[in-house]
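Letter by letter, the chains look like this.
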Amino acid sequence: MEILGDGAGNRVARLAGGRVQVGRARRLVSATLGRDHPRHDDCVLLTSEIVTNAVIHSRSGDGGTFTITVSCLPDRVRICVRDDGSARPPCAGHAVPNGSSGRGLPLLDALSDRWGIVREGGRNEVWFEIWFEALRGRCGTTCSAAEPALLSG
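For the structure given in this document, a descriptive report is provided here. Everything numeric here is computed off the predicted structure, so don't read it as measured data.

### Remarks on helix α1 (residues 21-33)
Phase 1: Taking 1.5 Å per residue, 13 residues should reach 18 Å; α1 reaches 18 Å between its end C-alpha atoms and fits that length.
Phase 2: Where burial is concerned, most of α1 is hidden: ten out of the 13 residues are buried.
Phase 3: Inspection of α1 places Q21, V22, G23, A25, L28, V29, S30, A31, T32 and L33 among the buried residues, and these make up the whole buried set.
Phase 4: Directly beyond the C-terminal end of α1, a positive phi value near 85° is found at G34.

### Some remarks on the packing of aromatic side chains
The geometry of an aromatic ring pair is captured by two quantities: the separation of the ring centres and the angle between the planes.
Phase 1: Per the counting criterion, the structure on display carries zero aromatic pairs.
Phase 2: Taking the ring centre of W127 as reference, the NZ or CZ of R78 above it sits at 4.1 Å.

### Let's talk about the side chain of S71
Phase 1: Mapped onto the elements, S71 comes out in strand β3 (residues 65-73).
Phase 2: Take S71: its relative accessible area is 9%, and that puts it in the buried class.
Phase 3: Of the polar contacts made by the side chain of S71, one reaches the side chain of N10; its length is 2.8 Å.
Phase 4: Non-local contacts of S71, meaning those with residues more than four positions away in its chain, are made with N10, R76, V77 and R78.

### Focus on the pattern of salt bridges
Phase 1: Following the criterion strictly, the structure yields seven salt bridges and no others.
Phase 2: Across the salt bridge formed by R76 and E129, the nearest N and O atoms sit 3.4 Å from each other. Taken as a pair, R76 in strand β4 (residues 76-82) and E129 in strand β6 (residues 123-131) lie far apart in primary sequence, 53 residues in all.
Phase 3: Of the charged contacts, one joins R123 and D84 as a salt bridge, the two residues approaching to 2.9 Å between their closest N and O atoms. Taken as a pair, R123 in strand β6 and D84 in the loop between β4 and α3 (104-111) lie far apart in primary sequence, 39 residues in all.
Phase 4: Exposure remark for D84: the relative accessible area of 18% places this residue in the buried category.
Phase 5: Taken together, the salt bridges that share partners define one network made up of D75, R76, R78, R114 and E129.

### Here's the deal with the state of the cysteines
What we call a disulfide is simply a covalent bond connecting the sulfur atoms of a pair of cysteines.
Phase 1: The tally for this structure, following the rule as stated, stands at zero disulfides.
Phase 2: Just so you know, C43 is unpaired, no disulfide at all, and the nearest cysteine sulfur is the one on C72, 8.4 Å from it.
Phase 3: Given the relative accessible area of 0%, C43 is considered buried.

### Some details on helix α2 (residues 40-57)
Phase 1: Spanning 18 residues, α2 covers 26 Å between terminal C-alpha atoms, matching the ideal 26 Å at 1.5 Å per step.
Phase 2: If you check which residues of α2 are buried, you get H40, C43, V44, L46, T47, S48, I50, V51, A54 and V55.

### Side note on the environment of G18
Phase 1: Among the structural elements, G18 can be located in the loop between β2 (11-16) and α1.
Phase 2: Classification of G18 as partly exposed rests on a relative accessible area of 29%.

### Let's talk about the nonpolar core
The tendency in soluble globular proteins is for nonpolar side chains to be buried side by side.
Phase 1: Within the largest apolar cluster, 26 residues are counted, with the highest numbers of intra-cluster contacts made by V29, I68 and I79.
Phase 2: Among the elements of the structure, β2, α1, α2, β3, β4, α3 and β6 are those that each provide at least two residues to this core.
Phase 3: Per-element accounting of this core gives the leading share, seven residues, to α2.
Phase 4: Setting aside its immediate chain neighbours within four residues, I79 contacts V29, C43, T47, I50, I68, T69, V70, V126, W127 and F128.

Cut-offs and rules
Residues numbered from 1 in each chain as written. Predicted model: local features only at pLDDT ≥ 70, side-chain atom pairs only at ≥ 80, totals over all residues. Heavy atoms only, no water. Helix = DSSP H or I, 4+ residues; strand = E, 2+ residues; numbered from the N terminus. Expected span 1.5 Å × (residues − 1). Buried < 20%, exposed > 50% of the residue type's maximum accessible area, 1.4 Å probe, protein only. Phe/Tyr/Trp six-rings, centres within 6.5 Å; stacked < 30°, edge-to-face > 60°. Lys NZ or Arg CZ within 6 Å of the ring centre and 35° of its normal. Polar contact = N/O pair within 3.5 Å; in protein donor to acceptor, adjacent residues only side chain to side chain. Contact = heavy atoms within 4.5 Å. Salt bridge = Lys/Arg side-chain N within 4 Å of Asp/Glu carboxyl O. Disulfide = S-S within 2.5 Å. Core = buried A, V, L, I, M, F, W, Y, C linked by side-chain atoms within 4.5 Å.

Now the structure itself:
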């Protein structure tokens, strides 16, 4: 995995579409934000959900790739996952009691301040934003450069 900056201060990684990459994407977000970030756990959980959806429900999981972008803005964190696309646009699943799926997009609704889906050329980009007041104007000092060693394995 290669982690790059995009010139705007964002962390960008292109990952293979395997399920093992879900953990790597979570570690990227965790290392970028730092565990003391006030919304660390929400960001990591929602990243896990949208990366899992990309790997399971798109061509990314069939030998493709996906890209994750982590943006630390002065008053919020924005995380985007762009996959290789699917036959149909993403849609909310129907969770059944005691089931293990169908909760990703409802979790986005519950925990993020804003989220959306952009479908272009058959590819899907799912993004969310989590805002925070406590560090308004100081995110640059609380978000760190993700170390590749933290993301391996």
